Amino acid sequence: MAQESPKNSAAEIPVTSNGQLEDSHEHGFNRDLKRSLPVGLGLAETKITSHGFDSTKEGVVEAGPFPGSSASPKSSVISPSSAAASRLAGQGCDLIIPTGSRAQQKSGPVVLADEVKNPAMEKLELVRKWSLNTYKCTRQIISEKLGRGSRTVDLELEAQIDILRDNKKKYENVLKLAQTLSTQLFQMVHTQRQLGDAFADLSLKSLELHEEFGYNAETQKLLAKNGETLLGAINFFIASVNTLVNKTIEDTLLTVKQYESARIEYDAYRTDLEELNLGPRDANTLPKIEQSQQLFQVHKEKYDKMRNDVSIKLKFLEENKVKVLHNQLVLFHNAIAAYFAGNQKQLEQTLKQFHIKLKTPGADAPSWLEEQ
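Cut-offs applied
- Residues numbered from 1 in each chain as written.
- Predicted model: local features only at pLDDT ≥ 70, side-chain atom pairs only at ≥ 80, totals over all residues.
- Heavy atoms only, no water.
- Axes fitted to C-alpha atoms, helices over the stretch in contact; angles between N-to-C directions.
- Helix = DSSP H or I, 4+ residues; strand = E, 2+ residues; numbered from the N terminus.
- Parallel < 35°, antiparallel > 145°, perpendicular 65-115°, else oblique.
- Left-handed = near helix turned anticlockwise from the far one by under 90°.
- Nonpolar A, V, L, I, M, F, W, Y, C, P; charged D, E, K, R; others polar.
- Phe/Tyr/Trp six-rings, centres within 6.5 Å; stacked < 30°, edge-to-face > 60°.
- Buried < 20%, exposed > 50% of the residue type's maximum accessible area, 1.4 Å probe, protein only.
- UniProt positions renumbered as here; feature names shortened; annotations may be inferred.
- Polar contact = N/O pair within 3.5 Å; in protein donor to acceptor, adjacent residues only side chain to side chain.
- Expected span 1.5 Å × (residues − 1).

Let us look at the packing of helix α6 (residues 210–278) against helix α7 (residues 285–340). Contact geometry of α6 with α7 gives a least axis separation of 8 Å together with a crossing angle of 165°. Here α6 lies roughly antiparallel to α7, going by the angle between them. Two packed elements cross with a definite hand, and for α6 against α7 that hand is left-handed. Grouping the amino acids of the contact of α6 with α7 by side-chain chemistry returns 31 nonpolar, 13 polar and 12 charged.

Attention now goes to the packing of aromatic side chains. Counted under the stated rule, the structure contains six aromatic pairs. Ring geometry for Phe237 against Phe332: centres 4.9 Å apart, planes inclined by 40°, an arrangement best described as tilted. Taken together, the positions of Phe237 in helix α6 and Phe332 in helix α7 put the pair 95 residues apart, joining distant regions of the chain. Look at Phe332 and you get partly exposed, because its relative accessible area is 25%.

Right, let's talk about the UniProt feature "coiled-coil region" (unreviewed entry) in the chain for a bit. The sites that UniProt annotates as "coiled-coil region" (unreviewed entry) are residues 154–181 and 289–320. Taken end to end, residues 154–181 is 96% helix and 0% strand, and its two terminal C-alpha atoms sit 41 Å from one another. Secondary structure over residues 289–320 splits into 100% helix and 0% strand, and the C-alpha atoms at its two ends are 46 Å apart.

The next point concerns the environment of Asp282. Summarising the element assignment, Asp282 is placed in the loop between α6 and α7. Side-chain polar atoms of Asp282 contact the backbone nitrogen of Asn284, separated by 3.1 Å.

Moving on: α7. Helix length check: α7 (56 residues) gives 79 Å between terminal C-alpha atoms against 82 Å at 1.5 Å per residue, within 8%. Gly342 lies just past α7 and shows a positive phi near 75°.

Right, here's the structure in full:
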């Protein structure tokens, strides 16, 4: 002990069996402690506290900041004697942290929080799955176009879809021609109305041709009136066919597109599963085959569901199409026949039969048909 440095001498505190300091070493301990403490920290600011361990007490030195010093003091840790250290190791002790120290220790159980899900990682995973699915579908489409890949075909359903697309083109052509007829008829009705007004004005100003101008004025006005009635029936026909083509049929074709996308995905994952089944089966490939089998089953169920939806929609569309076109074709035929036959009563009766109302005659805008 005499050959050790002052710092090492102060590191050990000899104690008696009752836990009190020996009187013979008290002055020497204080002298060594002054040497080991940093400048600015004296024994006046150093207090000794005791904590009980069963029947004995061990001393722990707690150092406080030196008054008037702006610098943060450096704490000194005084280690107990070897006898105390052995008892501390078995029973534990409380450490007193210097008041000027920035570091703080908190006792208590350590709780590990659950791992927080990272939104960026979730988005990255979604992008990865989407990219992989897009790659598989693109490869399947290219293989089908090159004639290398196989595709699943429902002959009956594919035939119905082809007929629907062909009919849609034909209905669009009929719709375009009907709109052209409506525009031309409106121009003719507008011209007849203006011509009738001109004949009526001349009838009032030409006394010698009063009757002749008057007859022509009445004829042109009657033709204009009948033309407006026919124009209302044609516009009603156009509106109904437009709803059928651009809404009802288009909605069914949208379901058909979803069905075709599901079919491509189904064939893409089916091809992957077939390629894996043809390869070797070992510890590395078996998990891949199992995962591929699960993905294939998911897309197969989606494909079956979409095929069923398309079949139902095609059936309902056919029934609705027949009903709508039957009524509209009867209206169109009766209105055209009554107009060119000069049967005004039959023409008006046709509009009443289909609950068609016309706008007020004499307006500058065409008389559009409004469904009641």
